Amino acid sequence: QHAEDGGPQPEKHCGHGRGGMGEEVRRKEDQRFITGRGNYVDDVKKPGMLHCELVRSPHAHARIEEIDGSRAMDMDGVVAVLTAEDLLEYDLATMPTLMDDTQDVLVNDKVKFQSQEVAAVIAEDRYVAKDGAEKVDVTYDVLDPVVDADDALEDDAPLIREDIEDKEDNHIFDWETGDEEATAQAFEEADVTVEEEMFYQRLHPAPIETCGAVGDYDPGKDKLTVHMTSQAPHIHRTLFAQVSGIPEHKIRIVSPDVGGGFGNKVPIYPGYVVAAAASYVLEQPVKWVEERSENIQTTGFARDYDMTGEIAATEDGEILAVRTDVLANHGAYNAAAQPSKFPAGFFNIFTGSYDIDAAYASLSAAYTNTAPGGIAYRCSFRVTEAVYLIERMVKVLADELEVDPTEIRRKNFIQPEQFPYESPTGWNYDSGDYESALDLALEMAEYEEYREEQQRRIENDADKLLGIGISSFTEVVGAGPGKTCDIAGVEMFDSAEIRIHPTGKATVRVGVQTQGQGHETTFAQIVAEELGMDVDDIVVEHGDTDTDPYGLGTYGSRSTPVAGAATAVASRKVRDKAKTIAANELEADEGDIEWDRESGEFHVAGAPDRSITITEIAAGAYMNNPAGEEPGLEAVNYYDPPEMTYPFGSYVVVVEVDRETGEVEFEKFVAVDDCGNRINPMVIEGQIHGGLAQGIGTAMMEHVTYDDNGNVTGGDFMNYLLPTAMEIPEFETGHTVTPSPHHPIGAKGVGESPTVGSPPAIVNAVVDAMAHAGVSHVEMPMTPDVVWEALDEAGLAQ
Ligand code: MCN
Ligand code: CUN
């Protein structure tokens, strides 16, 4: 079923030993990372470099009456204090967000969330800058804030966005999808309906490296170079050019090594703009690197979706319709990082892995006095919320009907022969085999045995209850196609450029940007596979707009589906040219030249011993080029995917719930993933482990919280809990392989699957432990006190 060109079947091809598809090649980038030779933004040091520190508002909602920077300016080493007024001169006081809103770079009149950027102090030394920031005197007229989305939509709520003309309330947009009438009718006719309210709490991606930038304007070349923590350097350059008026070819964005992104480094932040603007004005390099609490309190958050889910079904568990109503908190600006035509991200696929006839979703979004964001943290644009909703609701339905949740899933799965499958909201799933993944996961988890054990514990009134949770999720990753997906108008294609040098070594440049996903290895593997090269003979470069082909960056697990496809197609273009050169070298007809995937060599049809390697061909291209042929051996491909890819998986989680303390222990954690053809199983395993850890953080610990005054009460690592090795169980991973039919190497993305798929499995498990006593839902994060409350209400607490 795999792609054009016969495509590789990795399970067969993982043996040719050159580091191609399916081989567990060790990550090339790790040599520098584990020997301390990584090069992150904060490692960038330039002669004469100044340091920038931002003055941030202690209030969530306040009018600025006066900013007095004189005490700071009097300090030794302070070079400048910048306010919105200074930026206004250069037309840089505001910047567009990725969702067409306008955000203050430095607050002009009114603060709209706590820790918003009010002024900047530029100094010769970072510590002086920090001290200087404390000496900037700002007079605030404090206003009433509103932090909850439902409060924000009340008639008497304080108006947050007075800067938007004619705006009279805090409402941002309404969105709907599906067929409301058909869905309502299915609900009327159904035997059974269930409903549950669930809140997907505000989370933060919290990468190890916070955000930062070094702006360096060179007046001699009239060129602005910005080293910055960017998951999408090219689109950031385009936006920088549009905002600043500096021509695009006079801007260079370099995203060096990035210490984790997880979506946090997709948006543009005021700090980037201030560092660049300050360097332009002062004609000296300026570095800005934020601290941890600044990162959590002000940069792009994730989720904050308040959802009501409903399912209509027949009494034997056939799902007839699903309906949901959502209230989204977008913070003070509509600044979600997602394709611009999708106000609710890809929430559209809330029917999940199930063949459901009718579906309807409605959503409202509100401004609040909290930091802007909404899309980040391994999410593929709101699929996380959609998957949580449907996978939780299937469990709610199973409990209502008192049947095993696996039975409901099997009964409603989209069947393998139904692909390509069009969902009731019009989305086209490429391929899937959901039942095989579930079967494998159940077998690995010893499902039946645990069910029996669970029953025994209930009968024996045991101190620790057992719960088994399942999630059979479908992801959607790999945006474009360009016609439907764009960032700020630029279509979401991606690119690869391959240059084979005279000695047969290759440099590959891609438009995506690794933040830890291992692209320097896996993209080299694609080329190794497609050209019969050794993976060690290929170097992959990215993250420099001066040298790399234009691409839309890494997020939404789009690198493999889009840039990976571009890399395969570019390799095949090189292969075609290589055939011409091979024919010349072997003195044969070009039409008779064949390429053998196994040996990686080109040979004359019917004469396998008349063969030639890509290294010999490279020499030919430069030293014995056929007459009339363009010299050299290179190719570029810009790939616009025909569709997205739909990875999937089945996770089974077994937990023990302590009736006395409410503590939850993981007894078993099985994750079966299907990302189509696999490039590097070891990298995939690493992605799954990391993503599951983040899923556990989501389900059990993480939450950005606010008090009524809009103070962030979960804004540092004392209060925003991340899982450590102590909280992470042993994971058992498995896989099935259902190639994407439209991807050149049959691969789908995988980076986000574990974080998307695991939270509902974990919540389902905790609910399952208490379901016999009537518990139908427990809100995340399921800290011991939350779980204990649920136990107590159900009469199970000890
Ligand atoms: N891969 C593979 N075979 C496949 C699919 C993927 O070998 N069939 C490999 C890829 O070649 C790549 C890695 O797995 O090296 C992830 O690929 P992909 O799913 O295409 O995702 P991206 O590379 O686009 O990464 C983005 C994704 C997202 S959106 C977030 S958020 C996230 C994640 O990756 N952020 C991460 N994983 C992360 N891992 C690290 N270490 N750091 C982050 O910031
Ligand atoms: Cu949504 S987090 Mo990832 O797409 O960079």
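Residues numbered from 1 in each chain as written. Chains lettered and ligands numbered in written order. Predicted model: local features only at pLDDT ≥ 70, side-chain atom pairs only at ≥ 80, totals over all residues. Heavy atoms only, no water.

Peer 1: Hey, could you run me through the site of ligand 1 in this one?
Peer 2: Taken together, 33 residues lie around ligand 1, and Gly261, Gln517, His519, Thr560 and Val750 are the ones closest in. Backbone polar atom of Phe262 to an oxygen atom of ligand 1: 3.1 Å apart, as the coordinates give it. Residue Asn680 places a main-chain N or O atom 2.9 Å away from an oxygen atom belonging to ligand 1. If ligand 1 stood free it would expose 830 Å²; the protein chains cover 96% of that surface. Counted by class, the shell around ligand 1 contains 9 nonpolar, 19 polar and 5 charged residues. (Near = heavy atom within 4 Å. Polar contact = N/O pair within 3.5 Å; in protein donor to acceptor, adjacent residues only side chain to side chain. Areas by Shrake-Rupley, 256 points an atom, 1.4 Å probe, with all protein chains shown as cover. Nonpolar A, V, L, I, M, F, W, Y, C, P; charged D, E, K, R; others polar.)

Peer 1: Would you mind going over the site of ligand 2 with me for this structure?
Peer 2: Near ligand 2 you find Gln231, Phe262, Gly263, Ala376, Tyr377, Arg378, Cys379, Ser380, Tyr555, Gly556 and Glu752, and these make up its full shell. One nitrogen or oxygen atom from the side chain of Glu752 is found 2.8 Å from an oxygen atom belonging to ligand 2.

Peer 1: I would appreciate a short explanation of helix 18 (residues 681–700) in the present structure.
Peer 2: The periodicity of an α-helix, 3.6 residues per turn, causes residues three or four places apart in sequence to face the same way. With 20 residues, helix 18 extends 28 Å from end C-alpha to end C-alpha; this agrees with the ideal 28 Å at 1.5 Å per step. In terms of burial, helix 18 is a largely internal element, 15 of the 20 residues being buried. Between the side-chain oxygen of the N-cap and the backbone nitrogen of Met682 there are 2.9 Å, and the N-cap of helix 18 in question is Asn680. (Helix = DSSP H or I, 4+ residues; strand = E, 2+ residues; numbered from the N terminus. Expected span 1.5 Å × (residues − 1). Buried < 20%, exposed > 50% of the residue type's maximum accessible area, 1.4 Å probe, protein only.)

Peer 1: Is there a simple way to explain empty space enclosed by the protein in this structure?
Peer 2: Left-over empty space is what a probe sized like a water molecule reveals as it rolls over the atoms. The full count for this structure, using the stated rule, is 4 cavities of 30 Å³ or more. Within this model, the largest cavity holds a volume of roughly 150 Å³. A per-class count over the lining of the largest cavity returns 11 nonpolar, 5 polar and 1 charged. Around the second largest cavity, the lining comprises 13 residues; the ones closest to its centre are Phe33, Asp257, Thr514, Gly516 and Glu520. Residues of the lining of the second largest cavity, tallied by class, amount to 2 nonpolar, 6 polar and 5 charged. (1 Å grid on protein atoms, 1.4 Å probe; cavity = no way out; pocket = protein on both sides within 12 Å on 5 of 7 lines; lining within 4 Å. Points joined across faces, edges and corners; volume = space filled by probe spheres on them.)

Peer 1: Would you explain the nonpolar core in this entry?
Peer 2: Looking at soluble globular proteins, one finds that nonpolar side chains tend to be buried together. Ranked by internal contacts, the top residues of the largest apolar core, which has 173 residues, are Phe346 and Phe347. In terms of residue count, the dominant contributor to this core is helix 11 (residues 383–401) (12 residues). Both domain 1 (4–38 + 494–639) and domain 2 (49–145 + 208–260 + 265–298) contribute no fewer than three residues apiece to this core. With sequence-adjacent residues up to four places away left out, Phe346 is seen in contact with Pro339, Ser380, Phe381, Arg382, Val383, Trp427, Val476, Ala479, Cys485 and Met644. If you look at the next biggest cluster of nonpolar residues, it comprises 48 residues, including Ala496, Ala583, Ala607 and Ala635. (Core = buried A, V, L, I, M, F, W, Y, C linked by side-chain atoms within 4.5 Å. Domains from an automatic or database assignment. Contact = heavy atoms within 4.5 Å.)

Peer 1: How do you make sense of the layout of surface pockets when you look at a structure like this?
Peer 2: Here the second largest pocket is characterised by a volume of approximately 400 Å³. If you go around the second largest pocket, you meet 15 residues; those closest to its centre are Val664, Glu665, Phe666, Met700 and Glu727. At the level of secondary structure, the elements contributing two or more residues to the lining of the second largest pocket comprise strand 32 (664–674) and helix 18. The element that contributes the greatest number of residues to the lining of the second largest pocket is strand 32, accounting for 3 residues. Taken together, the residues that form the lining of the second largest pocket break down as 11 nonpolar, 1 polar and 3 charged.

Peer 1: Sorry if this is basic, but what is going on with the coordination of the copper atom of ligand 2 here?
Peer 2: When a metal holds four donors in a tetrahedron, each ideal angle between them is 109.5 degrees; when it holds six in an octahedron, the ideal angles are 90 or 180 degrees. No other protein atom reaches the copper atom of ligand 2 as a donor apart from Cys379 (SG), found 2.0 Å away. Here Cys379 lies in the loop between strand 18 (373–374) and helix 11. (Donors = N, O, S within 2.8 Å, 3.2 Å for Na, K, Ca; no water.)

Peer 1: Sorry, what's going on with the packing of helix 12 (residues 405–412) against helix 13 (residues 434–445) here?
Peer 2: Packed helix pairs are characterised by how far apart their axes lie and by the angle those axes make with each other. Here helix 12 crosses helix 13 at 160°, and the two axes come no closer than 10 Å. Here helix 12 lies roughly antiparallel to helix 13, going by the angle between them. Remark: the crossing between helix 12 and helix 13 carries left-handed chirality. Where helix 12 approaches helix 13, its residues Thr406, Arg409 and Arg410 are matched on the opposing element by Glu435, Leu438, Asp439 and Leu442. (Axes fitted to C-alpha atoms, helices over the stretch in contact; angles between N-to-C directions. Parallel < 35°, antiparallel > 145°, perpendicular 65-115°, else oblique. Left-handed = near helix turned anticlockwise from the far one by under 90°.)

Peer 1: What am I meant to see in the packing of aromatic side chains here?
Peer 2: Where two aromatic rings form a pair, the distance of their centres and the angle of their planes describe that pair. For the coordinates displayed, the defined rule picks out 26 aromatic pairs. Both rings, one in Phe342 and one in Trp427, keep their centres 5.7 Å apart while their planes meet at 70°; by these two values the pair is edge-to-face. With Phe342 in the loop between strand 16 (319–329) and strand 17 (358–366) and Trp427 in the loop between strand 19 (421–422) and strand 20 (428–429), this pair connects stretches of sequence that are 85 residues apart. Accessibility classification places Phe342 together with Trp427 in one group, the buried group. Feature note: the residues Phe342, Phe346, Phe381, Trp427 and Tyr555 constitute an aromatic cluster, connected by ring pairs. Its guanidinium or amino end placed over the ring of Phe301, Arg202 lies 3.5 Å from that ring's centre, counting from NZ or CZ. (Phe/Tyr/Trp six-rings, centres within 6.5 Å; stacked < 30°, edge-to-face > 60°. Lys NZ or Arg CZ within 6 Å of the ring centre and 35° of its normal.)

Peer 1: Which parts of the structure should I look at to understand the environment of Ala398?
Peer 2: Here Ala398 is to be found in helix 11. Dropping the residues within four chain positions of it, Ala398 is found in contact with Val403, Asp404, Pro405 and Ile408.

Peer 1: Help me out: how do you make sense of the pairing of strand 2 (residues 62–68) in this one?
Peer 2: Regular strands place side chains that alternate from one sheet face to the opposite one. Relative to strand 6 (residues 110–111), strand 2 runs antiparallel, the two being bridged by 2 bridges. Bridge assignment links Ala62 to a residue of strand 6, and that residue is Val111. Here strand 2 pairs with strand 8 (residues 137–142) via 6 bridges, running antiparallel. Its bridge partner being in strand 8, Ile67 is matched across the sheet by Val138. (Pairing = 2+ DSSP bridges.)

Peer 1: Hey, could you run me through the sheet that holds strand 29 (residues 607–612) in this one?
Peer 2: Two modes of strand pairing occur in sheets, parallel and antiparallel, and in both the strands are linked by backbone hydrogen bonds. The strand order across the open sheet built from 3 strands is 27-28-29, with neighbouring strands paired in antiparallel fashion. On the outer flanks of this sheet lie strand 27 (593–595) and strand 29, each paired with one strand and no other. Neighbour to neighbour, the strand axes of the sheet diverge by 40° on average, direction disregarded.

Peer 1: What's the story with the side chain of Arg18 in this structure? I'm lost.
Peer 2: Structurally, Arg18 is set in the loop between helix 1 (10–13) and helix 2 (30–34). Despite its burial, Arg18 pairs with no opposite charge, the nearest such side chain being Glu529 at 6.2 Å. Those residues in contact with Arg18, other than ones at most four positions away along the chain, are Glu23, Ala528, Gly532, Met533, Asp534, Val535, Arg597, Glu598, Ser599 and Gly600. (Lys, Arg positive; Asp, Glu negative; His and termini not counted. Salt bridge = Lys/Arg side-chain N within 4 Å of Asp/Glu carboxyl O.)

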